[in-house]
Amino acid sequence: MKRSNFLQLVTAGTAAATTAGFSKKSVEIAPELANHTITNVKFSEVRLRYPRQVGRNAQLGIHGNGPDIDIAILNTDHGASGWGMIQVWDEDERKKAAQYVKDKTLSDLIIPARGVVDDRALAFDISLHDLAGKILEKPVYELIGRTSPFITNCYSGMIYFDDLDPKENPAGVDKILEECQYDYDVGYRQFKLKIGRGHKWMPHDEGMKRDIEVTKLVDEHFPDCDILVDANNGYTLEDTITYLEGIGDVDLFWFEEPFHENHKDYLELRKWMLDHGVETFLSDGEANPDLDLLMDLYEKRILDIHLIDTIGYGFTPWRNLMPKLVEMGISASPHAWGSLLKTYYNAHLAGGLGNVPTIEGVTCDSEDIDFGKYKLEKGKLTPSPDPGFGMTLM
């Protein structure tokens with residue numbers, strides 16, 4: 001199927017579901033939530049570990065073996081508990097937010113069909129969704145509006161420049177194929193390849209040659225899989241065209257952040273793509289996004305998919321933004337790098353609202369979390385049907 005036709009199906013097929021959650025009936029306060037008062041906010045940390053060391057991208061050095069994630073646990077006077085990643089990074093702001101939500105009824109803070117309704121509680125956006133779902137005995141995708149969730153593609157977002165390490169004895173391109181095979185066995189059928197080796201880590205032309213070589217090799221060895229690429233703003237317009245010419249008939253699913261968003265380069269790139277019959281989705285919005293500029297590029301149909309981060313932007317703000325994107329004919333794939341938690345939050349967002357052609361997958365394990373009943377099979381990610389986000393602290 002042509003990429004343009006696929007994008008039309010994604011947006012048109014989910015528009016009704018995305019806007020349906022905003023009917024008058026759906027925003028009524030759930031009486032069960034009015035019976036619960038938040039009595040305690042606890043801050044903690046969970047450790048996540050990747051199955052392998054994740055190396056460099058066009059801008060940053062080795063990403064390591066997995067993050068330690070700050071979380072907030074909310075408890076109520078009736079013994080209910082919900083938890084999740086924190087949206088606010090400043091410690092003083094966290095304390096202020098905790099003091100604010102304490103002794104508030106849950107219905108003052110969140111309406112299931114709309115999300116968090118008090119901006120002063122947005123630091124606990126994820127925790128409040130988890131808590132509301134557990135009290136109402138519904139998964140988050142059902143709070144959003146879908147009894148049966150949309151099931152979404154999920155790509156591996158963990159394929160970095162591991163061919164370049166260790167520095168004293170680089171592994172070479174076979175390392176990339178090895179990692180793709182591992183991710184294939186996990187259940188992925190889409191691979192996002194980092195490109196832009198010539199921006200910092202290799203001589204420019206050698207880096208471009210390696211980017212093209214890796215793309216062609218993965219396409220050759222995994223013919224049943226989609227390829228996405230991400231330059232992390234490490235290319236110029238000229239680099240982008242050189243790369244697209246170099247990969248020939250490799251059918252990219254999307255091209256992410258070739259360069260930092262600007263009108264001139266994206267207009268020229270889109271014109272070149274139209275002239276040469278290249279239908280790859282253009283996706284942007286992760287790194288220091290200019291939201292006004294991005295919205296203008298979406299409205300002009302220069303860009304196709306919006307990527308701003310799940311936690312950085314917020315789960316409720318994403319819920320509010322999605323219907324607007326649907327009206328514009330623009331799809332979404334909230335950035336999830338770094339944490340399997342964000343991947344699973346996105347599975348519920350996509351499960352309830354649709355309009356997400358694929359979700360960023362970040363494979364992790366943890367001694368601190370039971371990740372529950374999420375399933376990744378043949379490239380499709382199914383969210384947990386258990387209440388809230390369906391994950392348990394151990």
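Before reading on, note that the structure itself is shown above.
The sections below set out a description of the structure shown in this document.

Reading the values: the criteria
- Residues numbered from 1 in each chain as written.
- Predicted model: local features only at pLDDT ≥ 70, side-chain atom pairs only at ≥ 80, totals over all residues.
- Heavy atoms only, no water.
- Helix = DSSP H or I, 4+ residues; strand = E, 2+ residues; numbered from the N terminus.
- Buried < 20%, exposed > 50% of the residue type's maximum accessible area, 1.4 Å probe, protein only.
- Contact = heavy atoms within 4.5 Å.
- Pairing = 2+ DSSP bridges.
- Axes fitted to C-alpha atoms, helices over the stretch in contact; angles between N-to-C directions.
- Polar contact = N/O pair within 3.5 Å; in protein donor to acceptor, adjacent residues only side chain to side chain.

### Re unusual backbone geometry
The step from aspartate 165 to proline 166 runs through a cis peptide bond, and the omega angle for that step is -5°. Note on placement: proline 166 falls in the loop between β6 (152-159) and α6 (174-186). The backbone of glutamate 257 sits at a positive phi, close to 45°, despite the residue not being glycine. Inspection of the secondary structure assignment puts glutamate 257 in the loop between β9 (252-256) and α10 (263-275). For arginine 301, which is not a glycine, the phi torsion comes out positive at approximately 60°. With respect to the secondary-structure elements, arginine 301 resides in the loop between α11 (291-299) and β11 (305-306).

### Details of the side chain of arginine 94
Along the polypeptide, arginine 94 turns up in helix α3 (residues 91-101). Take arginine 94: its relative accessible area is 12%, and that puts it in the buried class. If we skip the residues at most four places from it in the chain, arginine 94 touches Phe43, Asp70, Ile86, Val88, Trp89 and Phe124.

### Overview of the sheet that holds strand β2 (residues 68-76)
Strand order in this open sheet of 3 strands is β1-β2-β3, and the pairing throughout is antiparallel. Every other strand in the sheet has two partners, leaving β1 (38-47) and β3 (81-85) as the edge strands with one partner each. For this sheet, the mean angle separating the axes of adjacent strands, direction not counted, is 20°. Across 9 bridges, the pairing between β1 and β2 is antiparallel. Opposite valine 41, over in β2, you have leucine 74 as the bridge partner. Its contacts with the sheet place α3 against β1 and β2, and it is angled at close to 145° to β1. Contacting β1, β2 and β3, helix α14 (residues 340-353) runs over the sheet at an angle of about 115° to β3.

### Remarks on the environment of glutamate 261
Tracing the backbone shows glutamate 261 in the loop between β9 and α10. Relative accessible area serves as the criterion here: at 4%, glutamate 261 is assigned to the buried category. Taking the C-alpha atoms as reference, glutamate 261 lies 45 Å from glutamate 32; in sequence the two are 229 residues apart. Setting aside its immediate chain neighbours within four residues, glutamate 261 contacts Tyr266, Asp284, Asn288, Pro289, Asp290, Leu293, Leu294 and Leu297. At 2.8 Å, the side chain of glutamate 261 forms a polar contact with the backbone nitrogen of aspartate 290.

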